[in-house]
Amino acid sequence: MSSLFQRVTKPIAQSPGTIQFAGKRHVDHVGIQIIDYDRDQVDIRHVTDVAECFGYRDTPTVTWINVDGVHDEQVIRVLGERFGVHPLALEDVANTHQRPKLEDYDDHLFVVCRMLRAEPGTTRVLSEQLSLVLGRGFLLSFQERPGDVFDPVRERLQRPQGRLRNGGADYLTYVLLDAVIDHYFVVAETFGEAIEDLETLVLTDTAKDPLNTLHGLKRELVQLRRAVSPLRDVLTGMGRNESPLVDSSTSTFLRDAHDHAVQVNDTVESFRDMLTSLQDLAMANMSNRMNDVMKVLTVFASIFVPLTFVAGVYGMNFEHMPELGWRWAYPAFWGVILAMTSAMLAYFRRKKWF
Amino acid sequence: MSSLFQRVTKPIAQSPGTIQFAGKRHVDHVGIQIIDYDRDQVDIRHVTDVAECFGYRDTPTVTWINVDGVHDEQVIRVLGERFGVHPLALEDVANTHQRPKLEDYDDHLFVVCRMLRAEPGTTRVLSEQLSLVLGRGFLLSFQERPGDVFDPVRERLQRPQGRLRNGGADYLTYVLLDAVIDHYFVVAETFGEAIEDLETLVLTDTAKDPLNTLHGLKRELVQLRRAVSPLRDVLTGMGRNESPLVDSSTSTFLRDAHDHAVQVNDTVESFRDMLTSLQDLAMANMSNRMNDVMKVLTVFASIFVPLTFVAGVYGMNFEHMPELGWRWAYPAFWGVILAMTSAMLAYFRRKKWF
Amino acid sequence: MSSLFQRVTKPIAQSPGTIQFAGKRHVDHVGIQIIDYDRDQVDIRHVTDVAECFGYRDTPTVTWINVDGVHDEQVIRVLGERFGVHPLALEDVANTHQRPKLEDYDDHLFVVCRMLRAEPGTTRVLSEQLSLVLGRGFLLSFQERPGDVFDPVRERLQRPQGRLRNGGADYLTYVLLDAVIDHYFVVAETFGEAIEDLETLVLTDTAKDPLNTLHGLKRELVQLRRAVSPLRDVLTGMGRNESPLVDSSTSTFLRDAHDHAVQVNDTVESFRDMLTSLQDLAMANMSNRMNDVMKVLTVFASIFVPLTFVAGVYGMNFEHMPELGWRWAYPAFWGVILAMTSAMLAYFRRKKWF
Amino acid sequence: MSSLFQRVTKPIAQSPGTIQFAGKRHVDHVGIQIIDYDRDQVDIRHVTDVAECFGYRDTPTVTWINVDGVHDEQVIRVLGERFGVHPLALEDVANTHQRPKLEDYDDHLFVVCRMLRAEPGTTRVLSEQLSLVLGRGFLLSFQERPGDVFDPVRERLQRPQGRLRNGGADYLTYVLLDAVIDHYFVVAETFGEAIEDLETLVLTDTAKDPLNTLHGLKRELVQLRRAVSPLRDVLTGMGRNESPLVDSSTSTFLRDAHDHAVQVNDTVESFRDMLTSLQDLAMANMSNRMNDVMKVLTVFASIFVPLTFVAGVYGMNFEHMPELGWRWAYPAFWGVILAMTSAMLAYFRRKKWF
Amino acid sequence: MSSLFQRVTKPIAQSPGTIQFAGKRHVDHVGIQIIDYDRDQVDIRHVTDVAECFGYRDTPTVTWINVDGVHDEQVIRVLGERFGVHPLALEDVANTHQRPKLEDYDDHLFVVCRMLRAEPGTTRVLSEQLSLVLGRGFLLSFQERPGDVFDPVRERLQRPQGRLRNGGADYLTYVLLDAVIDHYFVVAETFGEAIEDLETLVLTDTAKDPLNTLHGLKRELVQLRRAVSPLRDVLTGMGRNESPLVDSSTSTFLRDAHDHAVQVNDTVESFRDMLTSLQDLAMANMSNRMNDVMKVLTVFASIFVPLTFVAGVYGMNFEHMPELGWRWAYPAFWGVILAMTSAMLAYFRRKKWF
């Protein structure tokens with residue numbers, strides 16, 4: 001079960017800008033990938049020594065340095081200092097419980113968002129913090145573990161004619177954020193299917209413990225909403241075209257990404273409505289079942305308790321009970337019993353109890 | 001049942017502006033209708049080759065090119081490129097799960113909205129994406145399938161004196177959006193009738209599974225709200241009179257259309273309130289029925305269980321039970337039974353249980 | 001029961017500005033009343049021919065032309081064209097399902113609101129669309145049927161010293177809107193009384209079907225809110241003192257009217273809270289009653305079922321049952337029965353079940 | 001029980017500025033107190049003739065004229081006209097159902113708020129309209145009845161060194177409003193205590209009709225919120241330092257008063273949350289009690305109904321029932337009975353039913 | 001249990017700026033700690049006489065004067081006057097029920113917030129008012145009792161190279177607020193754990209009185225929200241860089257602290273959602289249990305009541321009952337009983353009742 005809150009493992013009240021890993025460690029070794037490209041060439045390298053990145057800072061090409069694993073504070077500090085990243089940003093990179101946000105440090109933009117992937121076959125959402133530092137001619141990205149949603153982007157970087165190869169680091173940032181949002185749609189789809197499956201069960205009243213399932217879905221939905229909802233403001237902020245780091249042509253694309261984020265958010269909100277409605281339905285099913293149980297009890301009791309009384313009457317040992325000696329008393333008794341039963345059944349039938 | 005979410009059939013993280021159909025295919029062949037008009041003449045043509053549209057781009061007349069079917073990416077791409085439409089807009093045309101929105105690409109406006117039609121005799125809403133590209137002297141419209149709500153508009157285009165023939169492409173855009181909103185009223189009316197029908201049943205407690213029906217209505221209402229609610233912002237944006245493509249005289253009409261959209265939205269909101277109230281009522285009915293069942297059980301059990309005990313007493317086989325030998329014991333027994341029953345009935349009557 | 005939605009009887013997608021009656025027809029003949037006044041004289045006329053109004057357009061006096069009945073499109077069109085009213089405004093006059101709104105057509109203001117009157121002795125609200133066109137020196141008012149809330153205004157118009165006679169058409173507009181809002185208070189009072197009556201019944205648990213009553217009240221409240229809530233914006237807009245048609249001294253009065261509308265709106269909102277609270281109370285009463293029924297059943301069953309068992313034991317026909325032959329067995333049996341009953345009663349008493 | 005709505009006893013659609021008392025009359029005679037002070041002297045007088053106030057209008061000293069009782073329209077009119085108060089303000093003084101508001105009539109400010117006092121020993125709130133007219137060098141205050149929360153203010157006015165004696169009429173206005181808000185805290189405290197008392201009862205499930213009590217508290221809370229919530233805007237408006245009647249040094253104090261109003265409002269909102277939570281708790285208690293009742297019934301019925309059947313079997317009169325003649329049949333019967341009972345009790349114990 | 005409201009022990013309507021302790025007294029003696037530092041040296045002193053602070057006002061070094069205990073009005077007054085603190089700020093220092101707020105008195109900023117600490121092993125939150133006065137070169141802090149969350153800050157003040165020693169009083173203010181917010185995370189974590197513990201119990205339906213526990217958590221959550229929510233505005237206000245007392249470099253840090261406050265607030269909001277969902281779940285469990293009880297009752301009653309009737313029939317004393325004399329009547333009776341029981345059990349099994 002995904003956690004509701006961030007476990008604060010970092011010491012309290014540390015000096016701000018203290019880079020200290022706070023999260024769950026997913027990898028042993030930090031992996032660094034450098035993709036350096038411009039219109040004419042693209043160069044992809046995997047390095048283990050962070051120092052190999054330093055030369056790319058002031059080249060005219062666009063450099064994307066992707067770091068998998070944020071538990072090694074040393075790597076983050078060295079890389080950050082070399083590329084002039086604000087200490088507060090580096091602190092947030094290492095603390096993997098950030099709310100999606102955009103911070104403008106004049107000569108670089110810092111973006112935090114959550115990269116979501118649906119775990120296949122479940123409604124569980126794998127969530128990972130993605131931190132992006134967009135500077136002049138470079139983009140640093142930090143992920144919690146290897147494996148991401150960016151493989152199609154890396155492929156597109158190989159195609160010389162694409163807009164990507166001709167765009168700047170700001171466009172690359174947009175492309176990464178767009179890929180992240182595209183995966184939100186996949187996650188939302190998985191959710192939608194889970195909700196529709198549950199809906200079918202609840203509508204036919206064949207769900208087992210629907211409230212527990214609903215609770216689990218709501219819990220995951222809270223996660224999803226907390227990832228998606230603040231991202232809208234991040235994209236609005238970037239698209240507002242105030243930082244010189246973001247080109248006005250990229251702003252158009254960022255507004256488009258913003259529209260997509262709004263769309264996911266709307267979908268998530270309608271999921272909430274749907275879950276509430278399903279819950280009401282499940283509750284009503286429960287009441288209906290209770291009603292059914294009560295009707296069975298009432299029908300049985302109301303028919304047989306009077307009959308038992310009649311049988312009890314003629315089981316009495318009074319000396320003077322004329323009926324006991326009558327010739328057709330016993331068949332008559334059965335006649336009375338049948339008449340009473342029929343009357344009761346007709347009564348309940350009229351009440352539509354069965 | 002209409003789907004809760006957009007199924008993302010497109011590959012993830014594609015280059016933005018990649019036109020790839022994502023939706024349900026409704027037609028085999030794309031149909032193109034060209035209506036070219038000015039004050040003096042109107043010319044209506046159906047073409048199959050998209051190239052026949054190209055000549056209309058720079059004419060002084062107003063040209064409305066309507067495309068039925070958006071699954072053929074080639075048609076969209078060729079048409080879009082020729083008329084200078086932004087790639088992101090073309091991408092959204094082909095992806096039929098857009099949220100209603102307005103995008104201003106300086107030399108053309110891009111509008112997405114949902115065209116709703118009530119399926120006759122049901123509360124189901126047929127929903128289709130309508131994409132409009134308003135350029136200088138032309139309007140491109142893309143629909144998912146043939147058949148739309150624009151026949152009255154086409155008729156009015158035949159009348160030479162109408163404002164439509166004398167207006168520009170911006171006025172035509174308004175007229176189409178107005179026709180779309182007019183149909184929202186029809187859909188809302190169908191909904192209103194379904195709600196009032198259900199209300200009658202619930203008020204007389206004759207509804208069968210009212211919660212299921214309510215759930216279905218809420219589901220469709222979510223659809224309706226998601227179509228109507230963002231359209232208000234679209235119309236506000238267009239009517240704000242900032243784009244040179246929209247004449248200030250048309251702005252007045254757009255504000256009027258905005259008022260209508262607000263009105264539909266208000267209606268939809270009051271439907272929500274009404275459904276919530278009906279649900280409470282249906283729940284209360286359920287509780288009431290349960291109460292009734294319990295009362296029947298309690299009345300029967302409370303009357304006959306004591307009587308059975310009395311009968312049981314005189315069925316005992318003690319040797320020394322003086323009553324058994326009394327002459328009028330048996331009639332007295334019946335007297336006691338009658339008295340007890342009357343007392344119980346009076347008690348329950350006083351409690352207003354029947 | 002008042003309708004939840006506007007029935008769209010007008011053809012769809014008509015040319016905007018097409019004046020076509022859409023509503024319920026309340027009168028046979030359109031009645032027109034002309035009140036022409038200035039500081040020195042007042043002239044009241046009833047006319048049937050709309051042409052008699054034409055002369056009043058450009059007089060220096062203030063002219064109030066009131067039209068009862070909006071089903072005659074011809075009257076509206078002729079009058080509107082003569083007084084230079086925008087076609088969209090005329091369309092809204094005839095379509096009596098408008099949301100309250102203010103539209104500024106530069107040389108005239110168009111105001112739509114709803115005139116509410118409480119139907120005596122019920123909580124039903126009679127609702128009627130009132131359309132006002134405020135031009136330079138004239139005010140056109142359109143109502144759905146004869147009879148309105150303006151008789152005190154007509155009376156005040158007779159008094160030469162009043163501010164009304166000395167004010168312009170804008171002040172007259174304020175006075176009419178103020179009269180409309182004053183009646184909202186009356187309607188709200190009727191509602192408040194109905195809610196307090198219901199409250200008394202629910203608090204003493206003597207209400208019959210309180211949920212049905214609550215549903216009816218909520219339904220009417222939705223109507224009331226939809227009339228009052230948008231009127232606040234209308235009055236804010238008029239009082240903002242932007243149109244040259246509204247004098248700044250009148251703005252002060254419009255702000256006062258706005259405060260009153262806010263007050264009604266607050267009252268309506270607190271009615272909602274109250275109805276929700278009453279509903280919870282009614283639901284709790286239902287549960288309490290159920291509890292009471294169950295307690296009666298449980299007390300009866302728990303006392304007599306064991307007793308019946310004891311009686312059954314001594315009705316058995318075993319040959320070897322020593323108790324049967326004992327001399328004081330039967331009295332002892334009654335002793336046991338009494339003891340058991342007393343114990344049970346004490347137990348239930350301690351549980352506070354009766 | 002305090003009333004939910006304002007009873008409109010005034011005639012409808014009167015000329016605005018018509019001063020007509022609308023409210024409940026609390027006093028027979030209007031009492032007027034004049035406090036005239038400056039740095040050097042303070043003069044307190046009680047007068048009955050309103051004309052005695054006239055001389056104070058244009059003195060350099062600060063004059064506070066307090067009127068107890070607003071049913072005498074003549075007093076209000078004369079006083080108002082003499083001090084140049086706007087007719088709409090005078091109308092609102094006499095109509096004691098105003099929403100708290102601030103109106104800026106250029107040469108005087110008009111403030112309406114509600115003066116609340118907790119009725120000792122109850123949660124009932126005594127509510128009274130306080131109208132303040134702040135002019136240049138004078139402050140008129142109108143209350144519905146004698147007795148107010150201003151005695152400490154009058155005392156402070158006696159002290160020559162206090163800021164009050166050195167401040168202007170604007171500072172006096174602040175001091176009065178601050179005294180009013182201080183009493184909101186007292187009322188809120190009374191409420192808080194009532195809620196905590198109820199909480200204790202509900203948590204121990206010893207409350208009698210908690211829903212009725214909750215409903216009463218909610219009702220009063222609506223009153224309280226309607227008094228407090230709009231006052232925030234009033235104080236923001238006054239503190240915004242736009243009117244020349246309010247000194248900038250007083251603005252600081254008004255912002256402080258605003259903070260206090262926000263604090264009361266927050267408290268009231270958290271009371272709402274608390275009441276909702278208590279209601280859920282009370283409902284759950286109800287369900288728990290129902291569960292308990294049902295368990296008792298079920299335990300009794302499930303144990304004794306089978307036993308009765310067994311006893312019934314051996315009460316049958318078949319000629320050929322071998323058990324009847326067995327020597328130890330009767331003791332064996334009791335053994336079976338005991339075994340069955342023990343089994344059932346163990347079963348229910350395992351289910352944790354008692 | 002923490003209190004819902006502020007107990008107003010101060011006299012009502014006192015002169016504003018009257019410093020009067022209103023709260024719970026936590027210490028006997030006021031403790032004052034002076035930390036005076038600049039880049040080169042740091043000097044820490046504990047004093048008891050407030051006069052010893054006076055010399056630090058106009059030094060070029062940064063002086064942090066921390067006061068533990070605010071019940072001694074004399075200390076607050078003397079210190080406040082000497083450092084030029086506004087009387088309203090001093091009043092709020094002594095009244096420990098303030099809502100978090102920021103007040104800009106031009107030459108000093110006044111900040112109130114709540115310092116929260118989780119009481120170990122419980123979900124109870126220890127809450128204490130922290131008042132900060134930031135002036136030119138000094139910071140006064142007032143706490144209700146000794147012991148705070150600032151020990152790491154004091155340690156960092158010893159390190160000469162730290163940013164803290166090189167920063168101004170504004171940076172020190174940020175560091176203190178950041179330490180306060182860091183503790184909010186700890187409190188939130190404690191809450192999250194309590195909620196997850198409860199969740200486990202509720203999901204397995206083993207919680208005892210879950211509604212009572214939920215109510216307690218909600219109560220504390222209200223406290224937490226009231227501390228966190230307004231703090232966001234405080235930090236936004238300080239970071240807006242309008243006061244000359246806050247350096248622009250510190251603004252960046254304050255924005256970071258604001259982001260953290262938003263994050264805590266989001267967490268608190270998601271706790272609310274989670275508690276609501278848990279409550280629904282707990283209610284559903286209750287209903288389920290009721291259903292189970294009813295099923296047991298119904299199964300028992302429905303099986304044995306008919307059987308008892310059959311036994312009763314053959315216990316009748318009619319003279320002419322042919323079955324009584326049959327040879328295999330008794331075994332046949334048992335056969336019938338077994339058949340009936342099996343049929344009933346099969347019926348209930350099919351209904352999935354057990």
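Residues numbered from 1 in each chain as written. Chains lettered and ligands numbered in written order. Predicted model: local features only at pLDDT ≥ 70, side-chain atom pairs only at ≥ 80, totals over all residues. Heavy atoms only, no water.

Enquirer: Sorry if this is basic, but what is going on with the interface of chain A and chain E here?
Expert: Between chain A and chain E, the residue contacts involve 65 residues of the former and 68 residues of the latter. Interface of chain A and chain E: buried area, both sides summed, is about 5800 Å²; carbon and sulfur atoms make up 63% of it. At the junction of chain A with chain E, the criterion picks out nine salt bridges. Where Lys101(A) meets Asp256(E), a salt bridge forms, and the shortest distance between an N and an O atom there is 3.4 Å. Here chain A is connected to chain E by 20 residue pairs in polar contact (both at pLDDT 80 or more). Those elements that provide at least two residues to the side of chain A that touches chain E are α2 (87-94), β4 (101-104), α6 (210-239), α7 (248-313), α8 (322-325) and α9 (329-350) of chain A. When residues of the side of chain A that touches chain E are assigned to their parent elements, the largest contribution, 17 residues, is made by α7(A). Looking at the side of chain A that touches chain E residue by residue, the classes come out as 33 nonpolar, 15 polar and 17 charged. (Contact = heavy atoms within 4.5 Å. Buried area = accessible area lost by both parts, 1.4 Å probe. Salt bridge = Lys/Arg side-chain N within 4 Å of Asp/Glu carboxyl O. Polar contact = N/O pair within 3.5 Å; in protein donor to acceptor, adjacent residues only side chain to side chain. Helix = DSSP H or I, 4+ residues; strand = E, 2+ residues; numbered from the N terminus. Nonpolar A, V, L, I, M, F, W, Y, C, P; charged D, E, K, R; others polar.)

Enquirer: In this structure, what is going on with the sheet that holds strand β4 (residues 101-104) of chain B? I would like to understand it.
Expert: Whenever strands of a sheet pair, they do so through backbone hydrogen bonds, lying parallel or antiparallel. Residues and elements named next belong to chain B. Spatially, seven strands are ordered β2-β1-β3-β7-β6-β5-β4 in an open sheet, and the strand pairing comes out mixed. Whereas interior strands pair on both sides, the edge strands pair on one side only; in this sheet they are β2 (42-47) and β4. Neighbour-to-neighbour, the strand axes of this sheet turn through a mean angle of 15°, independent of strand direction. The pairing of strand β3 (residues 62-68) with strand β7 (residues 138-143) spans six bridges and is classified as parallel. If you follow asparagine 66 over to β7, its bridge partner there is serine 141. Sheet strands touched by helix α1 (residues 73-82): β1 (31-37), β3 and β7. Its angle to β7, the strand with the most contacts, is close to 165°. (Pairing = 2+ DSSP bridges. Axes fitted to C-alpha atoms, helices over the stretch in contact; angles between N-to-C directions.)

Enquirer: So what exactly am I meant to see when it comes to unusual backbone geometry here?
Expert: Across the chain, the bulk of peptide bonds are trans and the bulk of non-glycine residues have phi less than zero. Residues and elements named next belong to chain E. The backbone of aspartate 205 sits at a positive phi, close to 50°, despite the residue not being glycine. By the secondary structure assignment, aspartate 205 is in the loop between α5 (169-203) and α6 (210-239). We classify aspartate 205 as partly exposed; its relative accessible area is 32%. For lysine 352, which is not glycine, the phi dihedral falls at a positive 60°. Looking at the element boundaries, lysine 352 is found in the segment after α9 (329-350). (Buried < 20%, exposed > 50% of the residue type's maximum accessible area, 1.4 Å probe, protein only.)

Enquirer: Honestly, the interface of chain D and chain E in this entry has me stumped. Any pointers?
Expert: Think of interface size as the accessible area that goes away when the parts come together; that is how it is often given. Contacts between the two partners involve 68 residues from chain D and, on the opposite side, 65 residues from chain E. With both chains or domains summed, chain D and chain E bury close to 5800 Å², and 63% of this area falls on carbon and sulfur atoms. It is Phe309(D), Phe318(D) and His320(D) in chain D that bury the most area against chain E; as a group they hold 12% of the surface buried on that side. Here chain D is connected to chain E by nine salt bridges. With a shortest N-O distance of 2.9 Å, Arg255(D) and Glu103(E) are connected by a salt bridge. For the pair chain D and chain E, the number of links is 21 residue pairs in polar contact (both at pLDDT 80 or more). Elements represented by at least two residues in the side of chain D that touches chain E include exactly α3 (151-158), α5 (169-203), α7 (248-313), α8 (322-325) and α9 (329-350) of chain D. Tallying contributions element by element places α7(D) first for the side of chain D that touches chain E, with 35 residues.

Enquirer: Please explain the sheet that holds strand β3 (residues 62-68) of chain D as it appears in this structure.
Expert: Residue and element names in this part refer to chain D. Spatially, the seven strands line up as an open sheet ordered β2-β1-β3-β7-β6-β5-β4, and their pairing is mixed. Because the sheet does not close on itself, it has two edges, and the strands there are β2 (42-47) and β4 (101-104). When strand polarity is set aside, the average angle formed by the axes of neighbouring strands in this sheet is 15°. Each of β4, β5 (109-118) and β6 (125-135) touches helix α6 (residues 210-239); the most contacted strand, β5, lies at about 145° to it.

Enquirer: Looking at this model, I keep getting lost on the relation of the copies chain A and chain E. Mind explaining?
Expert: Relating the two copies of this chain is a rotation about some axis coupled with a shift parallel to it. Superposing chain A onto chain E takes a rotation of 72° plus a shift of 0.1 Å along the axis, which leaves an RMSD of 0.1 Å. In the structure described here, the two chain copies are related by an operation that fits a five-fold rotation axis. The position closest to the rotation axis in chain A is occupied by the C-alpha of Gly315(A), lying 4.6 Å away. (Least-squares fit on C-alpha atoms with pLDDT ≥ 70 in both.)

Enquirer: How should the packing of aromatic side chains be read in this particular structure?
Expert: Given two aromatic rings, their pairing is described by the distance between the two centres and the angle made by the two planes. Taken as a whole, this structure holds 85 aromatic pairs over all chains when the rule is applied. Centre to centre, the rings of Phe318(D) and Phe333(E) are 6.3 Å apart; their planes meet at 55°, and the pair counts as tilted. Within this pair, whereas Phe318(D) is found in the loop between α7 and α8, its partner Phe333(E) is found in helix α9, the two belonging to separate chains. The two residues Phe318(D) and Phe333(E) agree in class, both being buried. When the centroid spacing of 5.2 Å and the interplanar angle of 15° are considered together, the rings of Phe348(E) and Trp353(E) count as stacked. Every member of this aromatic cluster is reached through a ring pair, and the members are Phe300(A), Phe304(A), Tyr314(A), Tyr330(A), Phe333(A), Trp334(A), Phe309(E) and Phe318(E). A cation over a ring is seen here: Arg327(B) above Trp328(B), with NZ or CZ 5.4 Å from the ring centre. (Phe/Tyr/Trp six-rings, centres within 6.5 Å; stacked < 30°, edge-to-face > 60°. Lys NZ or Arg CZ within 6 Å of the ring centre and 35° of its normal.)

Enquirer: What's the story with the environment of Thr63(C) in this structure? I'm lost.
Expert: All names here are of chain C. Note that threonine 63 resides in strand β3 (residues 62-68). On the accessibility criterion, threonine 63 (0% relative accessible area) is buried. The spatial distance from the C-alpha of threonine 63 to the C-alpha of isoleucine 44 is 9.8 Å, given a sequence separation of 19 residues. Setting aside its immediate chain neighbours within four residues, threonine 63 contacts Ile34, Ile35, Asp36, Tyr56, Gly137, Phe138 and Leu139. At a separation of 2.6 Å, a polar atom in the side chain of threonine 63 contacts the side chain of aspartate 36.

Enquirer: I would appreciate a short explanation of the side chain of Asp259(E) in the present structure.
Expert: Along the polypeptide, Asp259(E) turns up in helix α7 (residues 248-313). Assessed through its relative accessible area of 18%, Asp259(E) is described here as buried. Not counting chain neighbours up to four residues away, the residues in contact with Asp259(E) comprise Lys101(A) and Glu103(A).

Enquirer: How should the arrangement of the chains be read in this particular structure?
Expert: A minimum C-alpha distance of 9 Å separates chain A and chain D, which share no contact. Between chain C and chain E there is no contact, and the shortest C-alpha to C-alpha distance separating them is 9 Å.

Enquirer: Mind showing me how you'd approach α2(A) here?
Expert: An α-helical segment advances 3.6 residues per turn. Residues three or four places apart therefore align on the same side. Counting buried positions over the eight residues of α2(A) gives seven, a clear majority of the element. For α2(A), the complete set of buried residues consists of Leu88(A), Ala89(A), Leu90(A), Glu91(A), Asp92(A), Val93(A) and Ala94(A).

Enquirer: How do you make sense of the pattern of salt bridges when you look at a structure like this?
Expert: Counted by the stated rule, this structure contains 100 salt bridges over all chains. When the shortest N-O distance is used, the salt bridge between Glu144(C) and Arg114(C) registers 3.9 Å. With Glu144(C) in the loop between β7 (138-143) and α3 (151-158) and Arg114(C) in strand β5 (residues 109-118), this residue pair connects regions lying 30 residues apart in the sequence. Glu144(C) gets classed as buried once you look at its relative accessible area, which sits at 8%. Assessed through its relative accessible area of 15%, Arg114(C) is described here as buried. With a closest N to O distance of 2.9 Å, Asp148(D) and Arg154(D) form a salt bridge. A residue is classified by how much of its surface remains accessible, and Asp148(D), at 14% relative accessible area, is buried. Here the salt bridges do not stand alone but share partners, grouping Asp92(A), Lys101(A), Asp256(E) and Asp259(E) into one network.

Enquirer: Explanation requested: the pairing of strand β1 (residues 31-37) of chain D in the structure shown.
Expert: Where a strand is regular, its side chains alternate between the two sheet faces. All names here are of chain D. With respect to burial, β1 is a largely interior element, six of its seven residues being buried. Note that β1 and β3 share seven bridges and pair antiparallel. Residue pairing in the sheet places glycine 31 in a bridge with aspartate 68 of β3. Bridge analysis of β1 against β2 gives six bridges, and the strand direction is antiparallel. Of the residues in β2, the one forming a bridge with isoleucine 34 is arginine 45. Joining the antiparallel neighbours β1 and β2 is a turn of four residues.

Enquirer: Got a minute to help me understand the confidence of the model for chain A in this structure?
Expert: As a general rule, the predicted coordinates of low-pLDDT regions are not to be interpreted in detail. Residue and element names in this part refer to chain A. Confidence in the prediction for chain A averages 88 pLDDT; 96% of positions are at 70 or higher. Taken element by element, chain A is modelled with least confidence in helix α4 (residues 163-166), mean pLDDT 88, and with most confidence in strand β7 (residues 138-143), mean pLDDT 95. Contacts of residues 4-9 to residues separated by more than four positions or lying in other chains number 27 contacts, the stretch itself having pLDDT below 50. Across the whole predicted complex the pTM is 0.87, and at the interface the ipTM reaches 0.83. (pLDDT = per-residue confidence, 0-100.)

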